[in-house]
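Architecture at a glance
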Amino acid sequence: MLPFFKNLLVAYLRARMEELKSKISELKESINQFATEEKNKAETFRIRFLGSSGLVKKIMGEMRNVAPENRKQAGLALNALKQFAEEKYNQLKNSVSPEAERTSNHQDLTLPGNELPVGSRHPISIVRNRIISIFQRIGFTVAEGPEVEDDWHNFTALNLPENHPARDMQDTFYVRRNPDWMLRTHTSSVQVREMERGELPIRIICPGRVYRNETISARAHCFFHQVEGLYVEENASFADLKQTLYFFAREMFFQDVKIRFRPSYFPFTEPSAEMDISCLICGGKGCNVCKHTGWVEILGCGMVHPNVLENCKIDSHKYTGFAFGMGIERITMLKYQINDLRLFSENDVRFLKQFTHAI
Ligand code: DAH
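Quantities reported herein were computed from a predicted structural model and do not represent experimental measurements.

**A closer look at the packing of aromatic side chains**
One pass over the structure, following the stated rule, counts 14 aromatic pairs. Aromatic side chains Phe-238 and Phe-261 sit 6.4 Å apart centroid to centroid with 65° between the ring planes, which places their arrangement in the edge-to-face category. Taken as a pair, Phe-238 in helix H9 (residues 238-252) and Phe-261 in strand S7 (residues 259-266) lie far apart in primary sequence, 23 residues in all. Judged by its relative accessible area of 26%, Phe-238 is partly exposed. For the pair Tyr-246 and Phe-261, a centre-to-centre distance of 6.0 Å together with 85° between the ring planes defines the contact as edge-to-face. In this pair, Tyr-246 is assigned in helix H9 and Phe-261 in strand S7, connecting sequence segments 15 residues apart.

**Let's talk about the sheet that holds strand S10 (residues 320-327)**
The strand order S1-S5-S6-S10-S9-S8-S7 describes an open sheet built from seven strands, whose pairing is mixed. The open sheet has two edge strands with one neighbour each: strand S1 (141-142) and S7. Two strands pair when backbone bridges link them, and strand S8 (residues 269-278) and strand S9 (residues 295-304) are joined in this way by eight bridges, in the antiparallel orientation. Bridging from a neighbouring strand, Thr-269 pairs with Val-304 of S9. Across the face of the sheet, helix H6 (residues 123-137) comes into contact with S1, strand S5 (202-211), strand S6 (223-233) and S10 while running at roughly 165° to S5. On the sheet, helix H8 (residues 188-196) packs against S5, S6, S9 and S10 and is oriented at approximately 35° with respect to S6.

**Some remarks on the pairing of S6**
Along any regular strand the residues' side chains alternate between the sheet's two faces. Burial within S6 is extensive, with nine of its 11 residues counted as buried. Pairing of S5 with S6, which is carried by 10 bridges, proceeds in the antiparallel orientation. Residue Arg-203 lies in a different strand from S6, and its bridge partner there is Tyr-231. Across eight bridges, S6 lies against S10 in antiparallel orientation. From the neighbouring strand, Val-227 faces S10, where its bridge partner is Met-326.

Rules used throughout
- Residues numbered from 1 in each chain as written.
- Predicted model: local features only at pLDDT ≥ 70, side-chain atom pairs only at ≥ 80, totals over all residues.
- Heavy atoms only, no water.
- Phe/Tyr/Trp six-rings, centres within 6.5 Å; stacked < 30°, edge-to-face > 60°.
- Helix = DSSP H or I, 4+ residues; strand = E, 2+ residues; numbered from the N terminus.
- Buried < 20%, exposed > 50% of the residue type's maximum accessible area, 1.4 Å probe, protein only.
- Pairing = 2+ DSSP bridges.
- Contact = heavy atoms within 4.5 Å.
- Axes fitted to C-alpha atoms, helices over the stretch in contact; angles between N-to-C directions.

The following block contains the structure:
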(Lines give C-alpha, C1' and ligand atoms only; values in the text may rest on other atoms or scores of the structure.)
Protein backbone atom coordinates (compact mmCIF):
# COMPACT_ATOMS: atom_id res chain seq x y z
CA MET A 1 0.00 0.00 0.00
CA LEU A 2 1.24 3.46 -0.81
CA PRO A 3 2.46 5.27 2.27
CA PHE A 4 0.02 8.07 1.63
CA PHE A 5 -2.98 5.83 1.72
CA LYS A 6 -1.63 3.90 4.62
CA ASN A 7 -1.28 7.11 6.61
CA LEU A 8 -4.76 8.11 5.63
CA LEU A 9 -6.17 4.80 6.81
CA VAL A 10 -4.29 4.96 10.10
CA ALA A 11 -5.60 8.43 10.69
CA TYR A 12 -9.13 7.28 9.89
CA LEU A 13 -8.95 4.30 12.23
CA ARG A 14 -7.46 6.41 14.99
CA ALA A 15 -10.31 8.80 14.60
CA ARG A 16 -12.79 5.90 14.87
CA MET A 17 -11.09 4.72 18.03
CA GLU A 18 -11.36 8.19 19.50
CA GLU A 19 -15.00 8.23 18.50
CA LEU A 20 -15.56 4.87 20.19
CA LYS A 21 -13.85 6.08 23.31
CA SER A 22 -16.05 9.10 23.50
CA LYS A 23 -19.14 7.00 22.84
CA ILE A 24 -18.10 4.67 25.67
CA SER A 25 -17.67 7.54 28.09
CA GLU A 26 -20.97 9.07 26.98
CA LEU A 27 -22.75 5.81 27.60
CA LYS A 28 -20.99 5.39 30.92
CA GLU A 29 -22.23 8.79 31.87
CA SER A 30 -25.81 7.97 30.95
CA ILE A 31 -25.61 4.63 32.79
CA ASN A 32 -24.48 6.49 35.84
CA GLN A 33 -27.21 9.02 35.56
CA PHE A 34 -29.94 6.49 34.97
CA ALA A 35 -28.75 4.40 37.88
CA THR A 36 -28.92 7.37 40.22
CA GLU A 37 -32.17 8.76 38.95
CA GLU A 38 -34.17 5.61 38.49
CA LYS A 39 -33.11 3.87 41.63
CA ASN A 40 -36.09 1.59 41.84
CA LYS A 41 -36.17 0.57 38.24
CA ALA A 42 -33.60 -2.19 37.98
CA GLU A 43 -35.57 -3.98 35.32
CA THR A 44 -35.94 -0.91 33.09
CA PHE A 45 -32.21 -0.37 33.51
CA ARG A 46 -31.42 -3.94 32.50
CA ILE A 47 -33.56 -3.75 29.38
CA ARG A 48 -32.14 -0.41 28.34
CA PHE A 49 -28.46 -1.18 28.81
CA LEU A 50 -27.89 -4.91 29.24
CA GLY A 51 -30.76 -6.55 27.35
CA SER A 52 -30.23 -8.25 23.99
CA SER A 53 -31.05 -5.02 22.17
CA GLY A 54 -29.67 -2.78 24.90
CA LEU A 55 -27.14 0.00 24.43
CA VAL A 56 -24.19 -1.93 25.83
CA LYS A 57 -24.79 -4.79 23.44
CA LYS A 58 -25.08 -2.32 20.62
CA ILE A 59 -21.82 -0.61 21.36
CA MET A 60 -20.12 -4.00 21.49
CA GLY A 61 -20.91 -4.24 17.78
CA GLU A 62 -18.49 -1.34 17.20
CA MET A 63 -15.63 -3.81 17.57
CA ARG A 64 -16.07 -4.48 13.89
CA ASN A 65 -14.83 -1.04 13.02
CA VAL A 66 -11.79 -1.13 15.25
CA ALA A 67 -8.30 -1.50 13.68
CA PRO A 68 -6.64 -4.81 14.54
CA GLU A 69 -3.93 -3.14 16.57
CA ASN A 70 -6.57 -1.34 18.64
CA ARG A 71 -8.74 -4.37 19.17
CA LYS A 72 -7.20 -5.30 22.48
CA GLN A 73 -7.57 -1.79 23.81
CA ALA A 74 -11.14 -1.49 22.52
CA GLY A 75 -12.06 -4.94 23.86
CA LEU A 76 -10.73 -4.04 27.30
CA ALA A 77 -12.61 -0.74 27.28
CA LEU A 78 -15.84 -2.36 26.16
CA ASN A 79 -15.56 -5.14 28.72
CA ALA A 80 -14.90 -2.62 31.43
CA LEU A 81 -18.02 -0.77 30.30
CA LYS A 82 -20.10 -3.92 30.40
CA GLN A 83 -18.81 -4.75 33.87
CA PHE A 84 -19.55 -1.24 35.00
CA ALA A 85 -23.11 -1.52 33.71
CA GLU A 86 -23.57 -4.92 35.37
CA GLU A 87 -22.33 -3.63 38.67
CA LYS A 88 -24.73 -0.74 38.51
CA TYR A 89 -27.54 -3.12 37.66
CA ASN A 90 -26.74 -5.34 40.66
CA GLN A 91 -26.62 -2.34 42.91
CA LEU A 92 -29.99 -1.24 41.63
CA LYS A 93 -31.45 -4.70 42.05
CA ASN A 94 -30.25 -5.08 45.60
CA SER A 95 -30.97 -1.60 46.76
CA VAL A 96 -34.29 -1.16 48.52
CA SER A 97 -36.38 1.46 46.84
CA PRO A 98 -37.54 4.31 49.01
CA GLU A 99 -41.13 3.13 48.40
CA ALA A 100 -40.34 -0.45 49.43
CA GLU A 101 -38.48 0.79 52.48
CA ARG A 102 -41.44 2.86 53.52
CA THR A 103 -43.93 0.00 53.24
CA SER A 104 -41.68 -2.67 54.74
CA ASN A 105 -41.49 -0.81 58.03
CA HIS A 106 -45.19 -0.15 58.23
CA GLN A 107 -47.76 -2.92 58.28
CA ASP A 108 -50.99 -1.75 56.69
CA LEU A 109 -53.42 -2.88 59.32
CA THR A 110 -56.39 -1.84 57.22
CA LEU A 111 -55.70 -4.58 54.65
CA PRO A 112 -58.13 -7.51 54.87
CA GLY A 113 -56.53 -10.67 56.28
CA ASN A 114 -56.04 -13.89 54.36
CA GLU A 115 -59.20 -15.91 54.61
CA LEU A 116 -58.59 -19.33 56.13
CA PRO A 117 -60.92 -22.13 55.12
CA VAL A 118 -63.05 -22.98 58.13
CA GLY A 119 -65.38 -25.89 58.68
CA SER A 120 -69.06 -25.45 59.33
CA ARG A 121 -71.54 -26.86 61.79
CA HIS A 122 -74.33 -28.99 60.44
CA PRO A 123 -77.52 -26.89 60.09
CA ILE A 124 -79.33 -29.32 62.38
CA SER A 125 -76.70 -28.73 65.07
CA ILE A 126 -76.91 -24.97 64.58
CA VAL A 127 -80.68 -24.98 65.08
CA ARG A 128 -80.57 -27.51 67.92
CA ASN A 129 -78.02 -25.37 69.79
CA ARG A 130 -80.12 -22.31 69.18
CA ILE A 131 -83.25 -23.98 70.55
CA ILE A 132 -81.33 -25.16 73.60
CA SER A 133 -79.92 -21.70 74.30
CA ILE A 134 -83.34 -20.06 73.99
CA PHE A 135 -84.88 -22.41 76.56
CA GLN A 136 -81.84 -22.24 78.82
CA ARG A 137 -82.40 -18.51 79.12
CA ILE A 138 -85.75 -19.18 80.78
CA GLY A 139 -84.49 -21.81 83.13
CA PHE A 140 -84.82 -25.09 81.22
CA THR A 141 -82.00 -27.64 81.43
CA VAL A 142 -81.09 -30.35 78.94
CA ALA A 143 -82.03 -33.98 79.66
CA GLU A 144 -81.20 -36.97 77.50
CA GLY A 145 -82.39 -40.55 77.20
CA PRO A 146 -81.57 -43.72 75.24
CA GLU A 147 -82.34 -44.10 71.53
CA VAL A 148 -83.18 -47.78 72.00
CA GLU A 149 -86.22 -47.50 74.22
CA ASP A 150 -88.64 -49.91 75.85
CA ASP A 151 -92.37 -50.03 75.25
CA TRP A 152 -93.19 -48.49 78.60
CA HIS A 153 -91.21 -45.26 78.10
CA ASN A 154 -92.00 -44.82 74.42
CA PHE A 155 -95.70 -45.74 74.56
CA THR A 156 -97.44 -47.20 77.59
CA ALA A 157 -96.48 -44.60 80.21
CA LEU A 158 -97.45 -41.89 77.72
CA ASN A 159 -101.03 -43.06 77.83
CA LEU A 160 -100.70 -45.24 74.76
CA PRO A 161 -101.49 -48.74 76.10
CA GLU A 162 -101.16 -51.79 73.86
CA ASN A 163 -103.69 -51.78 71.01
CA HIS A 164 -104.24 -48.05 71.41
CA PRO A 165 -105.06 -46.83 67.90
CA ALA A 166 -102.70 -43.86 68.23
CA ARG A 167 -99.72 -46.26 68.19
CA ASP A 168 -100.32 -46.53 64.47
CA MET A 169 -99.57 -42.83 64.10
CA GLN A 170 -95.91 -43.69 64.38
CA ASP A 171 -94.46 -46.57 62.39
CA THR A 172 -92.02 -48.17 64.74
CA PHE A 173 -88.72 -50.02 64.20
CA TYR A 174 -88.69 -52.89 66.69
CA VAL A 175 -85.57 -54.69 67.88
CA ARG A 176 -85.79 -58.28 66.69
CA ARG A 177 -83.99 -59.76 69.72
CA ASN A 178 -86.50 -58.28 72.15
CA PRO A 179 -90.02 -57.28 71.04
CA ASP A 180 -90.25 -54.95 74.05
CA TRP A 181 -87.44 -52.81 72.60
CA MET A 182 -87.64 -50.34 69.76
CA LEU A 183 -85.88 -47.32 68.33
CA ARG A 184 -87.66 -44.44 70.03
CA THR A 185 -90.26 -42.82 67.80
CA HIS A 186 -90.21 -39.52 69.70
CA THR A 187 -88.27 -37.78 72.45
CA SER A 188 -91.40 -37.78 74.66
CA SER A 189 -89.92 -40.96 76.16
CA VAL A 190 -87.37 -38.76 77.97
CA GLN A 191 -90.28 -36.97 79.72
CA VAL A 192 -91.26 -40.24 81.32
CA ARG A 193 -87.71 -41.03 82.45
CA GLU A 194 -87.38 -37.57 83.92
CA MET A 195 -90.71 -37.70 85.77
CA GLU A 196 -89.87 -41.15 87.13
CA ARG A 197 -86.77 -39.71 88.78
CA GLY A 198 -89.27 -37.93 90.99
CA GLU A 199 -87.45 -34.65 91.46
CA LEU A 200 -89.96 -31.83 91.24
CA PRO A 201 -90.45 -29.26 89.87
CA ILE A 202 -89.25 -30.24 86.38
CA ARG A 203 -88.19 -27.83 83.68
CA ILE A 204 -86.35 -29.70 80.92
CA ILE A 205 -85.84 -29.90 77.20
CA CYS A 206 -84.77 -33.14 75.54
CA PRO A 207 -83.08 -32.87 72.15
CA GLY A 208 -82.35 -36.09 70.31
CA ARG A 209 -82.64 -38.38 67.34
CA VAL A 210 -85.80 -40.38 66.68
CA TYR A 211 -86.67 -43.12 64.19
CA ARG A 212 -89.76 -44.04 62.18
CA ASN A 213 -90.33 -46.63 59.53
CA GLU A 214 -91.04 -44.22 56.68
CA THR A 215 -90.10 -44.32 53.02
CA ILE A 216 -87.38 -41.74 52.47
CA SER A 217 -88.51 -38.76 50.39
CA ALA A 218 -88.14 -34.99 50.29
CA ARG A 219 -90.72 -34.74 53.10
CA ALA A 220 -90.10 -37.85 55.22
CA HIS A 221 -87.12 -39.73 56.57
CA CYS A 222 -86.55 -42.83 58.67
CA PHE A 223 -84.62 -40.79 61.23
CA PHE A 224 -84.84 -37.17 62.27
CA HIS A 225 -84.45 -34.95 65.32
CA GLN A 226 -86.83 -33.60 67.91
CA VAL A 227 -86.76 -31.39 70.95
CA GLU A 228 -89.21 -32.29 73.68
CA GLY A 229 -90.04 -29.87 76.47
CA LEU A 230 -91.58 -30.61 79.86
CA TYR A 231 -92.58 -28.37 82.71
CA VAL A 232 -94.15 -29.83 85.86
CA GLU A 233 -95.02 -27.72 88.87
CA GLU A 234 -97.81 -27.11 91.34
CA ASN A 235 -99.65 -24.54 89.28
CA ALA A 236 -98.47 -24.90 85.71
CA SER A 237 -101.16 -23.63 83.37
CA PHE A 238 -101.99 -23.47 79.69
CA ALA A 239 -101.18 -19.74 79.86
CA ASP A 240 -97.64 -20.63 81.00
CA LEU A 241 -97.35 -23.01 78.08
CA LYS A 242 -98.45 -20.33 75.63
CA GLN A 243 -96.11 -17.70 77.01
CA THR A 244 -93.17 -20.10 76.94
CA LEU A 245 -93.84 -20.98 73.32
CA TYR A 246 -94.46 -17.36 72.31
CA PHE A 247 -91.07 -16.51 73.75
CA PHE A 248 -89.48 -19.39 71.90
CA ALA A 249 -91.02 -18.56 68.50
CA ARG A 250 -90.05 -14.89 68.71
CA GLU A 251 -86.49 -15.69 69.70
CA MET A 252 -86.17 -18.43 67.10
CA PHE A 253 -87.68 -16.56 64.15
CA PHE A 254 -88.29 -12.88 64.63
CA GLN A 255 -90.05 -10.64 67.11
CA ASP A 256 -93.24 -10.00 65.20
CA VAL A 257 -93.81 -13.49 63.84
CA LYS A 258 -97.52 -14.32 64.10
CA ILE A 259 -98.48 -17.30 66.24
CA ARG A 260 -101.65 -19.30 66.57
CA PHE A 261 -102.75 -22.38 68.51
CA ARG A 262 -105.12 -24.97 67.04
CA PRO A 263 -106.87 -27.66 69.07
CA SER A 264 -105.38 -31.08 68.38
CA TYR A 265 -105.08 -34.55 69.85
CA PHE A 266 -102.17 -36.32 71.50
CA PRO A 267 -102.75 -39.22 73.91
CA PHE A 268 -100.23 -37.81 76.41
CA THR A 269 -101.72 -34.31 76.70
CA GLU A 270 -105.15 -32.97 77.52
CA PRO A 271 -106.04 -30.48 76.22
CA SER A 272 -103.70 -30.70 73.23
CA ALA A 273 -102.82 -28.12 70.61
CA GLU A 274 -100.63 -27.51 67.64
CA MET A 275 -98.80 -24.24 67.21
CA ASP A 276 -98.51 -22.53 63.83
CA ILE A 277 -96.41 -19.56 62.85
CA SER A 278 -97.07 -17.21 59.94
CA CYS A 279 -95.33 -18.58 56.86
CA LEU A 280 -91.74 -17.33 56.70
CA ILE A 281 -91.59 -17.75 52.96
CA CYS A 282 -94.60 -15.71 51.85
CA GLY A 283 -95.18 -13.75 55.05
CA GLY A 284 -98.73 -15.11 55.31
CA LYS A 285 -99.92 -14.34 51.78
CA GLY A 286 -100.04 -18.00 50.77
CA CYS A 287 -97.46 -20.13 48.93
CA ASN A 288 -96.52 -23.77 48.27
CA VAL A 289 -94.71 -24.14 51.59
CA CYS A 290 -97.78 -23.15 53.65
CA LYS A 291 -100.11 -24.82 51.16
CA HIS A 292 -101.71 -21.43 50.56
CA THR A 293 -102.92 -21.09 54.14
CA GLY A 294 -100.34 -18.52 55.27
CA TRP A 295 -99.55 -20.70 58.32
CA VAL A 296 -97.07 -23.49 59.02
CA GLU A 297 -97.24 -25.92 61.91
CA ILE A 298 -94.10 -26.06 64.01
CA LEU A 299 -94.95 -28.07 67.11
CA GLY A 300 -97.40 -30.11 69.15
CA CYS A 301 -98.11 -29.34 72.78
CA GLY A 302 -100.58 -29.57 75.64
CA MET A 303 -101.13 -30.04 79.35
CA VAL A 304 -99.61 -33.32 80.54
CA HIS A 305 -102.42 -35.90 80.78
CA PRO A 306 -103.15 -36.85 84.43
CA ASN A 307 -102.70 -40.52 83.47
CA VAL A 308 -99.13 -39.77 82.39
CA LEU A 309 -98.37 -38.00 85.69
CA GLU A 310 -99.86 -40.91 87.63
CA ASN A 311 -97.95 -43.48 85.52
CA CYS A 312 -94.81 -41.70 86.67
CA LYS A 313 -95.96 -41.63 90.31
CA ILE A 314 -96.65 -37.91 90.36
CA ASP A 315 -99.77 -36.78 92.22
CA SER A 316 -101.94 -35.33 89.45
CA HIS A 317 -104.14 -33.52 92.02
CA LYS A 318 -101.16 -31.60 93.30
CA TYR A 319 -99.08 -31.15 90.16
CA THR A 320 -99.85 -30.05 86.66
CA GLY A 321 -97.53 -29.74 83.72
CA PHE A 322 -97.21 -28.78 80.13
CA ALA A 323 -95.25 -30.44 77.36
CA PHE A 324 -94.34 -29.74 73.78
CA GLY A 325 -92.45 -31.44 71.01
CA MET A 326 -90.97 -30.08 67.80
CA GLY A 327 -89.04 -31.41 64.84
CA ILE A 328 -85.62 -29.78 64.37
CA GLU A 329 -85.56 -30.56 60.64
CA ARG A 330 -88.82 -28.75 60.11
CA ILE A 331 -87.66 -25.62 61.88
CA THR A 332 -84.33 -25.72 60.04
CA MET A 333 -86.12 -26.06 56.70
CA LEU A 334 -88.28 -23.07 57.45
CA LYS A 335 -85.44 -20.99 58.78
CA TYR A 336 -83.04 -21.62 55.89
CA GLN A 337 -85.62 -22.35 53.19
CA ILE A 338 -84.47 -25.88 52.51
CA ASN A 339 -86.96 -27.98 50.60
CA ASP A 340 -85.60 -31.52 50.79
CA LEU A 341 -85.09 -33.47 54.02
CA ARG A 342 -82.58 -35.78 52.37
CA LEU A 343 -80.02 -32.97 52.13
CA PHE A 344 -79.50 -33.21 55.90
CA SER A 345 -78.13 -36.74 55.81
CA GLU A 346 -76.27 -36.77 52.50
CA ASN A 347 -73.41 -34.65 53.85
CA ASP A 348 -72.69 -33.02 50.52
CA VAL A 349 -70.06 -30.39 51.33
CA ARG A 350 -71.55 -28.01 48.77
CA PHE A 351 -74.69 -27.99 50.90
CA LEU A 352 -72.95 -27.96 54.27
CA LYS A 353 -70.46 -25.22 53.55
CA GLN A 354 -73.26 -22.74 53.03
CA PHE A 355 -73.74 -22.78 56.80
CA THR A 356 -70.19 -21.69 57.68
CA HIS A 357 -71.38 -18.29 58.81
CA ALA A 358 -74.94 -19.21 59.69
CA ILE A 359 -76.35 -18.32 63.07
N1 DAH B 1 -94.36 -36.66 70.48
C2 DAH B 1 -95.06 -35.92 69.46
C3 DAH B 1 -94.61 -36.38 68.09
O4 DAH B 1 -93.62 -37.01 67.98
C5 DAH B 1 -94.80 -34.45 69.60
C6 DAH B 1 -95.46 -33.91 70.82
C7 DAH B 1 -96.75 -33.43 70.74
C8 DAH B 1 -94.78 -33.88 72.03
C9 DAH B 1 -97.38 -32.91 71.85
C10 DAH B 1 -95.43 -33.36 73.16
C11 DAH B 1 -96.72 -32.87 73.04
O12 DAH B 1 -94.82 -33.31 74.34
O13 DAH B 1 -97.30 -32.37 74.14
O14 DAH B 1 -95.28 -36.08 67.14
